[in-house]
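Residue-level structure breakdown
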Amino acid sequence: MNPTALMIMLLSLAIGTTMTLMSHHWLLAWIGLEINTLAIIPLMTKTPHPRAIEAATKYFLTQASASALILFSATMNAWKTGEWSITLLSDPYTITLSMALMMKLGLAPLHFWLPEVIQGIPLSTGLILSTWQKIAPMTLLLQISHLTDLKLLITMGLTSILIGGWGGINQTQLRKVMAFSSIGHLGWMVLILKFNPQLTLFNFLLYITMTAAMFFSLMSISSTKISEISSSWPKSPILVTTMMLVLLSLAGLPPLTGFSPKLLIILELAKQNTLLLASVTMLASLLALFFYLRLTYVMILTLPPHIPPSSTHWRTTKNSPLTATMTTLALLIFPLSPTFLPII
């Protein structure tokens, strides 16, 4: 892609998200979401491939439907209340706006577009779609969290955790694995949204850190399949090892970063006297833990080693400082989480 066009698209993404973050008005928030949607579509289709065109079309139709629902609901709410304020919602429109925002995020059962779209686009665009594009809808959800129906949030959260675990079990494509991982993590965030919005924000920041670290690592070795990661071991053993640890961090194993939000969420659910919900959540998360462990096992232990025919067996790939920084954060934030949480 032309560097000037790329700069314009990335600048538009930044402007759209910033507009949504700064707005107290539903119309301005909707305009920011629309700018975000339109700015990422050229990035999806920068490689003229039928899969990329199909992914961009699916993404556009889904996001346009969600945006139309947001606009119609906000207009009807303004007609009823006389206010466009984000925090002033009347009862029937809170549910429709919440569902539209969850559709934009890719929460189950409105998740069907997300794995197919991420599978059809480049890794760099998948990184933006999995991290940056979720900031604006999640911010709006946080702003209306005190108005959202608790039963809706619990149902969507548990469904997303189950679908995120089930869907990723038999995947061999790493981009689809990351898509179902995103669905599962968003389920954890929505589950605790009504009880403790600050904990949802903390979980969201750690999710962005771990997902970005994984995508940067995949981009460094240009891998989209599990078998390609295995063949990358002779080229960069340290990077593949850290990728395995990032996967375990996404799974939520201690003492890695991903254990922190899961521990705090379970403690918060127990504090709210919802022990049954906490138990069901932990049992549902075992599905995701299984496919993460299976993926790391396949990456390192079961596939035969691919030894290059040259005499130089250990060839290193160039790792950017950004990849190293994000990977370090994705692995080592857990001891610092009690410091970060009061700030949020």
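Residues numbered from 1 in each chain as written. Predicted model: local features only at pLDDT ≥ 70, side-chain atom pairs only at ≥ 80, totals over all residues. Heavy atoms only, no water.

**Remarks on helix 4 (residues 91–105)**
Stated formally: Note on conventions: DSSP H or I runs of at least 4 residues are helices, E runs of at least 2 residues are strands, and numbering of each starts at the N terminus. For a helix, the expected span equals 1.5 Å multiplied by the number of residues minus one. Three exposure classes are used, based on accessible area relative to the maximum for each residue type with a 1.4 Å probe and protein chains only: buried under 20%, partly exposed in between, and exposed over 50%. Should any heavy atoms of two residues lie within 4.5 Å, those residues are considered in contact.
The first and last C-alpha atoms of helix 4 sit 22 Å apart over 15 residues, in line with the 21 Å expected at 1.5 Å per residue. For helix 4, the complete set of buried residues consists of Y93, T94, L97, S98, A100, L101, M102, M103, K104 and L105. Lining the buried residues of helix 4 we find helix 2 (26–44), helix 3 (50–81), helix 5 (113–120), helix 7 (135–143), helix 8 (150–167) and helix 9 (174–192). Where helix 4 ends, the next residue or the one after it, G106, has phi of about 95°, a positive value.

**Focus on the domain arrangement of the chain**
Put simply, the rule is: Each domain span listed reflects an automatic or database assignment of domains. The term buried area refers to how much accessible surface (probe radius 1.4 Å) is lost by two components on association, counted for both of them together. When a carboxyl oxygen of Asp or Glu is within 4 Å of a side-chain nitrogen of Lys or Arg, the pair counts as a salt bridge.
Split into domains, the chain comes out as domain 1 (1–130) and domain 2 (149–306 + 317–343). The gap between the C-alpha centroids of domain 1 and domain 2 is 23 Å. Across the contact, 23 residues belong to domain 1 and 25 residues belong to domain 2. Buried area between domain 1 and domain 2, summed over both chains or domains, comes out near 2,100 Å², and the portion from carbon and sulfur atoms is 79%. Inspection of the domain 1/domain 2 interface yields one salt bridge.

**With respect to the nonpolar core**
Quick reminder of the rule: As used in this record, nonpolar core signifies buried Ala, Val, Leu, Ile, Met, Phe, Trp, Tyr and Cys residues forming a set joined through side-chain atoms within 4.5 Å.
Counting 51 residues, the largest nonpolar core has I229, L269 and M299 as its most contacted members. Considering every element that reaches this core, the biggest residue donor is helix 10 (residues 197–221), with 11 residues. A29, L33, I86 and L186 belong to the second-largest nonpolar core, a separate cluster that totals 30 residues.

**Some words on empty space enclosed by the protein**
Keep this limit in mind: Cavity: a set of points on a 1 Å grid over the protein atoms alone where a 1.4 Å probe fits but cannot get out. Pocket: an open set with protein on both sides within 12 Å along at least five of seven lines, its lining residues, like those of a cavity, having an atom within 4 Å of a point. Grid points are joined across faces, edges and corners, and a volume is the space filled by probe spheres set on the points. Under the scheme applied, nonpolar residues are Ala, Val, Leu, Ile, Met, Phe, Trp, Tyr, Cys and Pro; charged residues are Asp, Glu, Lys and Arg; polar residues are all the others, including Gly.
Summed over all chains, the structure comprises two cavities of 30 Å³ or more. Looking at the largest cavity, its volume works out to about 90 Å³. Surrounding the largest cavity, L33, N36, T37, Y59, Q63, K104, W113, L129, Q133, K134, A136 and P137 form its lining. Elements with a contribution of two residues or more to the lining of the largest cavity: helix 2, helix 3 and helix 7. With three residues, helix 2 is the single largest residue contributor to the lining of the largest cavity. Classifying every residue of the lining of the largest cavity gives six nonpolar, four polar and two charged. Here the second largest cavity is characterised by a volume of approximately 40 Å³. Lining the second largest cavity, in full, are R51, E54, A55, K58, E116 and G120. Sort the elements by how many residues they give to the lining of the second largest cavity and helix 3 lands first, with four residues. Each residue belonging to the lining of the second largest cavity can be placed in one class, and the counts come to one nonpolar, one polar and four charged.

**Quick notes on the side chain of K104**
Put simply, the test is: In this tally Asp and Glu are treated as negative and Lys and Arg as positive; neither His nor the chain ends contributes.
Within the fold, K104 resides in helix 4. At 4.7 Å, E34 is the nearest oppositely charged side chain to K104, a buried residue that forms no salt bridge. Residues within four places of K104 in sequence aside, it is in contact with L33, T37, Q63, A66, S67, I70, W113 and P137.

**Details of the layout of surface pockets**
Approximately 310 Å³ is the volume found for the largest pocket. Forming the walls of the largest pocket are 22 residues, and the residues nearest its centre are W188, A251, K262, S285 and L286. No other element matches helix 14 (residues 275–302), which puts seven residues into the lining of the largest pocket. Classifying every residue of the lining of the largest pocket gives 15 nonpolar, six polar and one charged.

**Concerning the environment of S236**
Within the secondary structure, S236 sits in the loop between helix 11 (226–231) and helix 12 (237–251). Placed 134 residues apart in sequence, S236 and M102 show a C-alpha to C-alpha distance of 38 Å.

**Here we look at the packing of helix 3 against helix 4**
What counts, and what does not: The axes used here are C-alpha line fits, helices contributing only the stretch in contact, and every angle between their N-to-C directions lies in the interval 0 to 180 degrees. Here the angle decides the label: under 35 degrees means roughly parallel, over 145 means roughly antiparallel, 65 to 115 means roughly perpendicular, and every other value means oblique. We call a crossing left-handed when the near helix sits turned anticlockwise from the far one by less than a right angle, and right-handed when that turn is clockwise.
Between helix 3 and helix 4, the least distance of the axes is 9 Å, while the angle of their chain directions is 160°. The angle between helix 3 and helix 4 falls in the class roughly antiparallel. Helix 3 and helix 4 meet at a crossing whose hand is left-handed. When helix 3 is examined against helix 4, the residues T62, Q63, S65, A66, S67, L69, I70, S73, A74, M76, N77 and K80 are found in contact with a partner set consisting of P92, Y93, T96, L97, A100, L101, M103 and K104. Residue composition of the contact of helix 3 with helix 4, grouped by class: 11 nonpolar, seven polar and two charged.

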